[in-house]
Amino acid sequence: MKLEKTFYTDSMKSYMILKGPADEKNPGYQYRMLSANTIGRMLSCSVRFIDNTCLFYYDVTSMQSMAVLYECRGMDRTAVRELLYGVLSAQQKLAAFLLDARRMIFDPECIFYDFEKKEYLFAYYPEDLEGNDCSVLYSYLAEHADPLDEPAVRIAYELSDIAMAQDGFLLTESYLDSLVIGTSGHEEKASGHGEKASAIEAKASGREAAAGPEEEDRTKTERDLSVDSIRYKELENKPREPRADVPYRRAPGKSDSARSLGGTSGIAAAGIFTAGMILFVLRLALKTEGQADSLIRSAVVSLMITSVILFLYTLAGCFKEDAAKMRREEESIAEAQWRRAQKARREELLIEFGESGADAEETILQGGGDRDRENLPGYQVQAETAARRCRLYGLGDARRYHIHLDELPCTVGSLAQFSDVVLSDQSISPLHVRFMQDGEDITLMDLNSMFGTYLNGERAEPGIRLKLEPCDEIRIGRLEFCYR
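Residues numbered from 1 in each chain as written. Predicted model: local features only at pLDDT ≥ 70, side-chain atom pairs only at ≥ 80, totals over all residues. Heavy atoms only, no water.

## Remarks on a nonpolar patch on the surface
At step 1: Taken together, the side chains of Phe273, Met277, Phe280, Val281 and Leu284 define a hydrophobic patch exposed on the protein surface, amounting to about 450 Å² of accessible area.
At step 2: Relative to the elements of secondary structure, Leu284 occurs in helix H9 (residues 257–286). (Patch = residues over 30% accessible without salt bridge, like charges linked within 9 Å, V, L, I, M, F, W, Y side chains within 5 Å. Areas by Shrake-Rupley, 256 points an atom, 1.4 Å probe, with all protein chains shown as cover. Salt bridge = Lys/Arg side-chain N within 4 Å of Asp/Glu carboxyl O. Helix = DSSP H or I, 4+ residues; strand = E, 2+ residues; numbered from the N terminus.)

So, in structure tokens, the structure goes:
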């Protein structure tokens, strides 16, 4: 059967919903194991029967799909290894519950990254799906591997080739270890990672040999977790390398660089002027003559000229800052005028059309009445400002943030590893919202965030692109912005 996928978000949880067989009334072993157990590396799932249809609800709250995670950036060798060892671990966990690992869903849109656990989680589907094969995942790896990272490209292409050649191919631990060591063994040894992993595996193997059959599964699990913890720690501590095609941009805070520079030059001018006055007083007090008097006189003149230049530079900076402040005030006044005119227009429509005034307003503003909107006071000014600046300006508690949208796509979140703009707030998800170019328009798309993204008071559905217009109000978590 074909995979039918939808997403649902309520006030607390986010779910990926997969449709099951319509006539499945007596679920078998796989259904019961999936819904009754917490299987490692698997998304938490609840099986529900609604209108004689089986639905699988996978909890993906605060997680991000692999497809969205690497839509705008490539996967380096560390990310590729983490994913592959995650796939291997998931296969082993399923085998422990006597479940068929070939029924994992290999679609990158159904593989989610848990930012808290720092691991990939997979969806298990108890029925055969059309086109569900590991070659889908490994072909995606080959397409999205970082072209500048040669080991990552080699691993991805070798896996893609073997998955295409062998039906039902599944990773094995020995093959994956040989693949990773074969492509980047020297770097592993240099970093000490390979030695640590080998030591842990040898120690765990010794415990397994000494333990009885009932202890074998437990020691093997401990070994897997120990080796995985080293890999994840290596990933977490690795500094981020900015990509050339997707520039890294940190969220600009309340920038006081120009103000601090002006203040520094003013202090320097005052200090130099004071030093010149002290030399002048010493010259008069000591009644210097000859060459000494000439040197002091030259020093006093030089200090006075320097202080005057710095003072003029400080004065020019103050005028520039005042001009910028006046420009911002003019933009705010124009925005307020446009909003007042829009409100007055709506009231006129309500009086003229009665209860259908809201529909008439939508028709006029979205249909042939665009001319009326363009003629509203301040609208043209705001449209030109938005086209020129292309930014989100913070309001209230978010005043320290200005989000520049001149380089798209632009991902906003709290995790610097995957975000272009970092917002430090508890209401911001690791990957919260992404701004993209759609022709001549700029759109936003919520990335399954916990506290949501709101456009003009309405919550954006995850994965749905919404067009931005001048003066739109955008709320990212609890931080409010105005697009202009």
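## Details of the sheet that holds strand E4 (residues 53–59)
At step 1: Spatial strand order, E1-E2-E4-E3: four strands in an open sheet with antiparallel pairing. Pairing within the sheet leaves two strands with one partner each, and these edge strands are strand E1 (5–9) and strand E3 (45–50). For this sheet, the mean angle separating the axes of adjacent strands, direction not counted, is 30°.
At step 2: Pairing of E3 with E4, which is carried by six bridges, proceeds in the antiparallel orientation. Paired with Phe49 across the two strands is Cys54, which belongs to E4. (Pairing = 2+ DSSP bridges. Axes fitted to C-alpha atoms, helices over the stretch in contact; angles between N-to-C directions.)

## Observations regarding the environment of Val412
At step 1: Mapped onto the fold, Val412 is located in strand E10 (residues 410–413).
At step 2: Residues Val412 and Arg434, spaced 22 residues apart in sequence, show a C-alpha to C-alpha distance of 6.0 Å.
At step 3: With sequence-adjacent residues up to four places away left out, Val412 is seen in contact with Ile403, Ser419, Val421, Leu423, Leu431, His432, Val433 and Phe435. (Contact = heavy atoms within 4.5 Å.)

## Looking at the environment of Lys5
At step 1: For Lys5, the position within the fold is in strand E1.
At step 2: Since its relative accessible area comes to 27%, Lys5 is described here as partly exposed.
At step 3: In the structure, Lys5 is positioned 51 residues away from Phe56 in sequence and 9.8 Å away in space, judged by C-alpha atoms.
At step 4: In this view, Lys5 contacts Met16, Ile17, Leu18, Asp107, Glu109 and Cys110; residues no more than four positions away in its chain are not counted. (Buried < 20%, exposed > 50% of the residue type's maximum accessible area, 1.4 Å probe, protein only.)

## Remarks on the environment of Met12
At step 1: The residue Met12 is located in the loop between E1 and strand E2 (14–19) in this model.
At step 2: With relative accessibility at 59%, the residue Met12 sits in the exposed group.
At step 3: Considering only alpha carbons, one finds Met12 and Thr61, 49 residues apart in sequence, at a separation of 8.1 Å.
At step 4: Beyond its immediate sequence surroundings of up to four residues, Met12 is in contact with Thr61 and Met450.

## So, the nonpolar core
At step 1: Counting 70 residues, the largest nonpolar core has Phe56, Tyr58, Met66, Tyr120, Tyr138 and Leu171 as the members making the most contacts within it.
At step 2: Ignoring any residue separated from it by four or fewer positions in sequence, one finds Met66 in contact with Met75, Leu83, Pro108, Ile111, Tyr120, Leu137, Tyr140 and Leu141. (Core = buried A, V, L, I, M, F, W, Y, C linked by side-chain atoms within 4.5 Å.)

## Side note on the packing of aromatic side chains
At step 1: Counted under the stated rule, the structure contains 11 aromatic pairs.
At step 2: With 6.0 Å between their ring centres and 85° between their planes, Phe169 and Tyr175 make a pair best called edge-to-face.
At step 3: Residue Phe169 is classed as buried on the basis of its relative accessible area, which comes to 9%.
At step 4: Feature note: the residues Tyr70, Tyr113, Phe115, Tyr120 and Phe418 constitute an aromatic cluster, connected by ring pairs.
At step 5: Looking at Arg48, its charged tip hangs above the ring of Tyr15, at a distance of 5.8 Å from the centre. (Phe/Tyr/Trp six-rings, centres within 6.5 Å; stacked < 30°, edge-to-face > 60°. Lys NZ or Arg CZ within 6 Å of the ring centre and 35° of its normal.)

## Notes on the side chain of Thr61
At step 1: Along the chain, Thr61 falls in the loop between E4 and strand E5 (63–65).
At step 2: Among the residues examined, Thr61 registers a relative accessible area of 14% and is labelled buried.
At step 3: A polar contact is formed between the side chain of Thr61 and the side chain of Asp59, at a distance of 2.6 Å.
At step 4: Not counting residues up to four positions away in its chain, the partners in contact with Thr61 are Met12, Lys13, Ser14 and Met450. (Polar contact = N/O pair within 3.5 Å; in protein donor to acceptor, adjacent residues only side chain to side chain.)

## Digging into helix H3 (residues 77–96)
At step 1: In a regular helix each residue adds 1.5 Å, so 20 residues correspond to 28 Å; H3 covers 29 Å between its end C-alpha atoms and thus fits that length.
At step 2: The element H3 is extensively covered by neighbouring structure, given that 16 of its 20 residues are classed as buried. (Expected span 1.5 Å × (residues − 1).)

## A short note on the packing of helix H4 (residues 134–144) against helix H5 (residues 150–165)
At step 1: Where H4 meets H5, the axes come as close as 8 Å, and the angle between the chain directions of the two elements is 150°. When the interaxial angle is binned, H4 and H5 end up roughly antiparallel. Crossing of H4 against H5: the hand is left-handed. Between H4 and H5, the residues in contact are Cys134, Ser135, Tyr138, Ser139, Leu141 and Ala142 and Ala156, Tyr157, Leu159, Ser160, Ala163 and Met164, respectively.
At step 2: Within the contact of H4 with H5, the residues separate by chemical class into nine nonpolar, three polar and no charged. (Parallel < 35°, antiparallel > 145°, perpendicular 65-115°, else oblique. Left-handed = near helix turned anticlockwise from the far one by under 90°. Nonpolar A, V, L, I, M, F, W, Y, C, P; charged D, E, K, R; others polar.)

## Quick word on the side chain of Gln91
At step 1: With respect to the secondary-structure elements, Gln91 resides in helix H3.
At step 2: Given the relative accessible area of 8%, Gln91 is considered buried.
At step 3: Not counting residues up to four positions away in its chain, the partners in contact with Gln91 are Ala101, Met104, Leu170 and Leu171.

## Regarding the confidence of the model for the chain
At step 1: When pLDDT is averaged along the chain, the result is 76, and 70% of the positions lie at 70 or above.
At step 2: Mean pLDDT values for the elements of the chain range from 45 in helix H12 (residues 370–374) up to 95 in strand E14 (residues 453–455).
At step 3: Note on residues 186–201: pLDDT is under 50 here. Beyond four places in sequence and across chains, it has 21 contacts.
At step 4: Note on residues 207–211: pLDDT is under 50 here. Beyond four places in sequence and across chains, it has six contacts. (pLDDT = per-residue confidence, 0-100.)

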